[in-house]
Amino acid sequence: MLFQRKLIQNIKKNSKFFYFLIFIYLCLLLFSIGFRVFFNKNDNKTGQNFSQNIRVFCLIFTYDQKIATRSVMVYNTWAQRCDEFKFFLKITPNFNFKNNKVILDGIDIDLPANSFVDPGIENENYRKLTDKTYRSLIYVKNHFGNFDWYLKADDDTYVFIDNLRKFVKNKNASEPITFGFDFKRYVNEGYHSGGAGYLMSNEAVKRLATKLEKNYSSCQNRGVEDVDIAACFRSVEVHPGFSRDFLGKERFHPLPIKSLYYGRFPKWFLKFSAQAPAKVSSI
């Protein structure tokens, strides 16, 4: 109480100086806010203009049983925001293409036929996912080799392509680099989660595809796609980049939003993650 009284008395005695300090503080605060708004606005304009020049190709993995559901939803939401995209799958006898439309089991799926590619997949199952990825990357390198970045994602993934462009706007696609959600086991420097999707530079795709074309069996093919791809990348000196934002939060997410919000992480996820995961409600 005595301290409070002395403090109030000192403020009364030096009230003009006290209010002057408040005035200076408010001026500096307003100047700081205005400075940030002005430069962030200009930076955003520059970033948007620059990001429009970044060409992104999206490899979307699907299969015939999910075309009418997942593939349609991906096509109608984020796929068309890519500069170019293709659905990669094994085209089976129940496929028909008519007037650039996909007819599956006699039903018009209302998707453009030219958005589907079979890169030479022998069997469509989980244990053959590595083979599917290898063949898809070889196909992309030979038919769509002029893109800056290549995003590999599954048909149950949602991607904010505009955010992805901003993420890579200051990165060099000529560097042998990849980005994704990092797991820390099995491969030197770890590997990206396949379920979260991962981003590859032009140089990264070129190196891996070229190696496979020369000797397809030179990269391990055990069916564990994300681990196999990472091991093949390391053999051609392609390395993972830092994918998190300036607060350390992840940009690629292998788990459903519900798991992230409530923090209900599987034990394997906690064990394998390169960074200790944090639920959204605690950030």
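As a convention, each chain's residues are numbered from 1 in the sequence order in which they are written. Since the coordinates come from a predicted model, pLDDT governs what is reported: local features require at least 70, and pairs of side-chain atoms require 80 or more to be given and counted, while whole-chain, interface and lining totals use all residues. Calculation of side-chain values draws on the structure's entire complement of heavy atoms; hydrogens and water are dropped beforehand.

As a further point, take the overall build of the protein chain. Numbering goes from the N terminus for both helices and strands, where a helix is a DSSP run of H or I of at least four residues and a strand is a run of E of at least two. The secondary structure content of the protein chain amounts to nine helices and 12 strands. Intrachain contacts of the protein chain at a sequence separation of at least 6 include 72% that bridge at least 24 residues. About 16700 Å² of surface is accessible on the protein chain, with carbon and sulfur atoms providing 55% of the total. Contacts are residue-level and defined by heavy atoms, with any inter-residue pair within 4.5 Å sufficient. All accessibility values rest on the Shrake-Rupley procedure with a 1.4 Å probe; residue burial counts only the protein chains present in the view.

Our focus in this paragraph is the side chain of serine 243. Its location among the elements puts serine 243 in the loop between β12 (239-240) and α8 (257-262). Within the structure, the side chain of serine 243 is placed 2.9 Å from the backbone nitrogen of glycine 180, a separation counted as a polar contact. Excluding its chain neighbours within four sequence positions, the residues that come into contact with serine 243 are Phe167, Phe179, Gly180, Arg251 and Phe252. Each polar contact in these results corresponds to two N or O atoms within 3.5 Å; when the atoms are within protein, one needs to be able to donate a hydrogen and the other to accept it, and residues that are neighboring in sequence are counted only if both atoms are side-chain atoms.

Salt bridges are defined by distance alone: a side-chain nitrogen of Lys or Arg within 4 Å of a carboxyl oxygen of Asp or Glu. Inspection of the entire model under this criterion finds 13 salt bridges. Notably, a salt bridge pairs aspartate 155 with arginine 70, separated by 3.1 Å at the nearest N-O pair. On the criterion of sequence distance, the pair formed by aspartate 155 in the loop between β7 (149-154) and α5 (161-168) and arginine 70 in helix α3 (residues 67-76) is long-range, its members being 85 residues apart. Burial classification: accessible surface area is computed with a 1.4 Å probe over protein chains only, and a residue below 20% of its type maximum counts as buried, one above 50% as exposed, and the rest as partly exposed. Accessibility expressed as a relative area gives 6% for aspartate 155, which makes it buried. The partner of glutamate 189 in a salt bridge is arginine 234, and the shortest N-O contact between them spans 3.7 Å. Of this pair, glutamate 189 sits in the loop between β9 (182-183) and β10 (191-192) while arginine 234 sits in helix α7 (residues 225-235), and the two are 45 residues apart along the sequence.

With that out of the way, let us pick up empty space enclosed by the protein. Throughout, the protein atoms alone are placed on a 1 Å grid, and a set of points is a cavity if a 1.4 Å probe fits but cannot get out or a pocket if it is open with protein on both sides within 12 Å along at least five of seven lines; lining residues have an atom within 4 Å of a point. Grid points are joined across faces, edges and corners, and a volume is the space filled by probe spheres set on the points. Inspection of the entire model under this criterion finds one cavity of 30 Å³ or more. Here the largest cavity defines a volume of roughly 70 Å³. In this structure, the largest cavity is lined by Thr178, Tyr191, His192, Tyr198, Asp226, Ile229, Ala230, Phe233 and Arg234. Counting residues per element, the ones that place at least two in the lining of the largest cavity are β10 and α7. In terms of residue count, α7 provides more of the lining of the largest cavity than any other element does, five residues in total. When grouped by side-chain class, the residues that make up the lining of the largest cavity number five nonpolar, two polar and two charged. Lys, Arg, Asp and Glu make up the charged group, whereas Ala, Val, Leu, Ile, Met, Phe, Trp, Tyr, Cys and Pro make up the nonpolar group; the residues left over, Gly among them, are polar.

Attention now moves to unusual backbone geometry. A positive phi angle is found at glutamate 189, which is not glycine, with a value near 75 degrees. Of note in this structure, glutamate 237 is not a glycine but carries a positive phi near 60 degrees. One can find glutamate 237 in the loop between α7 and β12. A relative accessible area of 47% means that glutamate 237 is categorised as partly exposed.

Time to look at the confidence of the model for the protein chain. Averaged over all residues, the pLDDT of the protein chain is 82; the fraction at 70 or higher stands at 80%. Mean pLDDT values for the elements of the protein chain range from 53 in helix α1 (residues 2-13) up to 97 in strand β1 (residues 56-61). Confidence scores per residue from the predictor, reported as pLDDT, run from 0 to 100. This stretch, residues 35-48, has a pLDDT under 50; its non-local contacts, to residues over four places away or in other chains, come to two contacts.

Attention now moves to the state of the cysteines. Cysteine sulfur atoms that come within 2.5 Å of each other are treated as a disulfide pair. By the definition in use, this model includes two disulfides. The residue that forms a disulfide with cysteine 219 is cysteine 232, at a sulfur-sulfur distance of 1.9 Å. Here the disulfide of cysteine 219 and cysteine 232 is right-handed, its torsion about the S-S bond being about 55 degrees. Placement of cysteine 219 in the loop between α6 (202-214) and α7 and of cysteine 232 in helix α7 is noted, with a sequence separation of 13 residues between them. The exposure classification of cysteine 219 matches that of cysteine 232, with both residues buried. For the protein chain, the disulfide bridges join cysteines in the arrangement 1-2, 3-4, where the cysteines are counted in sequence order.

So, about the nonpolar core. Put simply, buried Ala, Val, Leu, Ile, Met, Phe, Trp, Tyr and Cys residues joined by side-chain atoms within 4.5 Å make one nonpolar core. Cys58, Trp78, Trp149 and Leu151 are the most contacted members of the largest nonpolar core, which has 46 residues in total. Of all hydrophobic cores here, the second largest spans 26 residues; its members include Leu59, Ile138, Leu208 and Ala209.

Next up on the list: α5. Among the residues of α5, Ile161, Leu164, Arg165, Phe167 and Val168 are the ones counted as buried. Around the axis of α5, the buried residues are gathered within 160 degrees of arc, so they sit on the same side. This arc corresponds to the set of directions leading from the helix axis out to the C-beta atoms.

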